[in-house]
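Geometric and topological summary
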Amino acid sequence: MLELVYHHLSRGAACLLPYEFSPTVLVVCLLSGWLYYRGLRRLGRRPGWDALLFGVGLVSIYVVLQTQVDYYGRFSFFIHRVQHLVLHHIGPFLIAVSAPAPVLAAGLPKAIRSHVVDPLVRSPLIRTPFRVIQQPFVAGFLFVAIIYFWLEPSIHFYAMLSIPLYNTMNWGMAIDGLLFWWMIFNLRQPGEPDVRHYGVRMLVLFLVMFPQIVLGAFIALSTTDLYSIYNLCGRVLPLSVLQEQVLGGLVTWIPAAMMSVLGALVLLVRWMRVMPTSASEDINSFQDRWPAANLPRDSLKIS
Amino acid sequence: MQLNGVRIRAGARMIAPALTTLIISLVLVGCGGKAPAKWNATDISGVMEPLTFNLTDDHDKSVTGKDYRGKVVMLYFGYTFCPDVCPQTLTRLATSLKALGKQAEKVQVLFVSVDPNRDTPQVLREYVKYFSPQMLGLTGTQSELKDVTKRYRVAYSYGKGYPDKKTFYVVNHSASIYIFDPKGNARLLVDQQETSEQITADLKQMIAQSWPGQ
């Protein structure tokens, strides 16, 4: 009995071990978690929903990169798509929606903050490119372009063979995901009215949905083997090449597009929360605005 | 404004020659030198690590990837109980070795069994000899096999029945053949669609490149 428990436990533990250990991923994840925890304590805040979302997002990224999920992701197109869904859509979504910037900043040791991070953030070398890639339409374009780029069959072929290219692909997905969802949930240009802020971001979420649907549907419905590399390198799931392709296409198509809907819902809820204040302002200014709206007619009469 | 103009012009003066140099060098790289080789297989130069492994050959001798420097190496993973893909592949390779004639001496086919449970060196020896005397069977411990398969991005797994030697179990494995040049660099990836004639043509070209003037 005890032996059986031990057997299952050891097998479970083996699943949690990385296929290819990456110190970078481990250090980045541990450091972010530690900064967040320290930030919460220093702000005197008790972990709430946002901490949970941040934690789940961070752990999900770690899990798809540094457990046996990665092994299956390398040899199964379907799992590879799930891995990228987490890396590009779900993990970064959860992290960005939790708005962790103030907590992480509070978690930074003072010396590092004032000598390293603040000057970096303020330097135009960082600021200008950051501002450009955080333009809603630029970020939206990059978000879709990176998916298309790595799914181009010949590029995909080499990405699955070359270890540096494979790591670049995964890091790129995670970083681009963070930038995109950060733009959706956290960035507002100074002086930008609420209507434009929420409206433009919802429009971008809406627009990025279609190219993903087209690509996912194309992969899922295609009857030829688009990604021959999986057949060459040995399959690990009891699925045929085309079955994998259908499932992988569906993952690219449906849950990916659903994340846009979910993001739009979050924005809508936040917008509604902001609205009552602007609505009350409207009531106060009701008297003033009415004549203003009638102004053109009056001016017409005068002329 | 004046100052800005000066600065921009100064910047342009710096960038223009840099750009020109870049374009010229790109053109030179593109047009100069040898015409790019045409392969039937997929070119994987620079994509994968040089030939490296620690395994046991079919004479029960420990060998490493370095032992095969100086030959064009074809690396293929399989198992001797394989019902279809492995015999077909090895037959194709044997055919192209035969077609190479004397040049076949410069080629070494390495058949790595990922089923050491059933494929002892003796079993492997009998098996590869059947296809061609030029072939060598290799296998190793699970950790040695995991190491080499991970390096060449291939996977293998066992079907129902493993590790019982009395029942027949399937081993899922890769279908690709890697070709390394005599320096041990990974150069080509041959897939299952390629005929033995195409493989022969690629091997001839690889030999001609590796031993120019022969």
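See above for the structure.
The model shown is predicted, which means the values in this text are computed figures rather than measured ones.

**Here we look at the overall build of chain B**
Across its full length, chain B holds 5 helices and 10 strands. Counting every position in chain B, which comprises 214 residues, the buried fraction comes to 44%. Contacts in chain B between residues at least 24 apart in sequence constitute 73% of all its contacts with a sequence separation of at least 6. Surface accessibility of chain B: about 11400 Å² in total, with carbon and sulfur atoms responsible for 59%.

**Observations regarding the sheet that holds strand S2 (residues 54-57) of chain B**
Residue and element names in this part refer to chain B. Pairing within the open sheet is mixed, and its 8 strands lie in the order S1-S10-S9-S4-S5-S6-S2-S3. Edge positions in the open sheet fall to strand S1 (42-43) and strand S3 (62-64), since each of these has one partner strand only. Pairing geometry for S2 and strand S6 (residues 135-139), over 2 bridges, is antiparallel. Pairing of Thr56 across the sheet is with Thr139, part of S6.

**Focus: the interface of chain A and chain B**
Between chain A and chain B, the contact holds 19 residues from the first and 21 residues from the second. Between chain A and chain B, a total of about 1500 Å² is buried, with carbon and sulfur atoms accounting for 58% of that surface. The largest share of the area that chain A buries against chain B comes from A:Tyr158, A:Leu161 and A:Leu232, three residues that together contribute 37% of it. On inspection of chain A and its partner chain B, the count reaches 0 salt bridges. Mapped by element, the contributors of at least two residues to the side of chain A that touches chain B are helix H4 (68-75), helix H10 (153-161), helix H11 (163-185) and helix H13 (229-232) of chain A. The dominant element in the side of chain A that touches chain B, judged by the number of residues it contributes, is H10(A), at 5 residues. Residues belonging to the side of chain A that touches chain B are distributed by class as follows: 13 nonpolar, 3 polar and 3 charged.

**A closer look at the packing of aromatic side chains**
Residue and element names in this part refer to chain A. By the definition in use, this model includes 28 aromatic pairs over all chains. Seen in terms of ring centroids, Tyr71 and Phe75 are 5.5 Å apart; in terms of plane orientation they differ by 65°. Their pairing is edge-to-face. Of the two residues, Tyr71 and Phe75 both sit in helix H4, 4 residues apart, roughly one turn of that helix. Per residue, the accessibility class of Tyr71 equals that of Phe75, and both read buried. With 4.7 Å between their ring centres and 20° between their planes, Phe77 and Tyr227 make a pair best called stacked. Taken as a pair, Phe77 in helix H5 (residues 77-97) and Tyr227 in the loop between helix H12 (194-221) and H13 lie far apart in primary sequence, 150 residues in all. Across this residue pair, the class does not change: Phe77 and Tyr227 are buried.

**Observations regarding unusual backbone geometry**
Of note, the bond from B:Tyr162 into B:Pro163 is cis; its omega dihedral lies within 30 degrees of zero at 5°. Positionally, B:Pro163 belongs in the loop between strand S7 (157-158) and strand S8 (171-172). The phi dihedral of A:Ala99 falls on the positive side, at around 45°, and the residue is not glycine. By secondary structure assignment, the location of A:Ala99 is in the loop between H5 and helix H6 (101-107). Phi at B:Arg153 takes a positive value of approximately 55°, unusual for a residue other than glycine.

**Considerations on the packing of H5(A) against H11(A)**
Residues and elements named next belong to chain A. Running from N to C, H5 and H11 point in directions that differ by 35°, and their axes come no closer than 8 Å. Note that H5 runs across H11; the crossing there is right-handed. In contact with His80, Gln83, His84, Leu87, His88, His89, Pro92, Phe93, Ile95, Ala96 and Val97 of H5, H11 contributes Tyr166, Met169, Asn170, Met173, Ala174, Asp176, Gly177, Leu178, Trp181, Trp182 and Phe185. Classifying every residue of the contact of H5 with H11 by side-chain character gives 14 nonpolar, 7 polar and 1 charged.

**Looking at a nonpolar patch on the surface**
Residue and element names in this part refer to chain A. A contiguous nonpolar surface patch, about 840 Å² in accessible area, is contributed by Val246, Leu250, Ile254, Met258, Val261, Leu262, Leu265, Leu268, Met272 and Met275. Along the chain, Met258 turns up in helix H14 (residues 241-284). With relative accessibility at 49%, the residue Met258 sits in the partly exposed group.

**Description of the side chain of A:Asp176**
All names here are of chain A. Inspection of the secondary structure puts Asp176 in helix H11. It is Arg81 that comes nearest to the buried, bridge-free Asp176 among opposite-charge side chains, at 11 Å. Once residues lying within four places of it in the same chain are set aside, the contact partners of Asp176 are His88, Leu142, Phe143 and Ile146.

Calculation rules
Residues numbered from 1 in each chain as written. Chains lettered and ligands numbered in written order. Predicted model: local features only at pLDDT ≥ 70, side-chain atom pairs only at ≥ 80, totals over all residues. Heavy atoms only, no water. Helix = DSSP H or I, 4+ residues; strand = E, 2+ residues; numbered from the N terminus. Buried < 20%, exposed > 50% of the residue type's maximum accessible area, 1.4 Å probe, protein only. Contact = heavy atoms within 4.5 Å. Areas by Shrake-Rupley, 256 points an atom, 1.4 Å probe, with all protein chains shown as cover. Pairing = 2+ DSSP bridges. Buried area = accessible area lost by both parts, 1.4 Å probe. Salt bridge = Lys/Arg side-chain N within 4 Å of Asp/Glu carboxyl O. Nonpolar A, V, L, I, M, F, W, Y, C, P; charged D, E, K, R; others polar. Phe/Tyr/Trp six-rings, centres within 6.5 Å; stacked < 30°, edge-to-face > 60°. Axes fitted to C-alpha atoms, helices over the stretch in contact; angles between N-to-C directions. Left-handed = near helix turned anticlockwise from the far one by under 90°. Patch = residues over 30% accessible without salt bridge, like charges linked within 9 Å, V, L, I, M, F, W, Y side chains within 5 Å. Lys, Arg positive; Asp, Glu negative; His and termini not counted.

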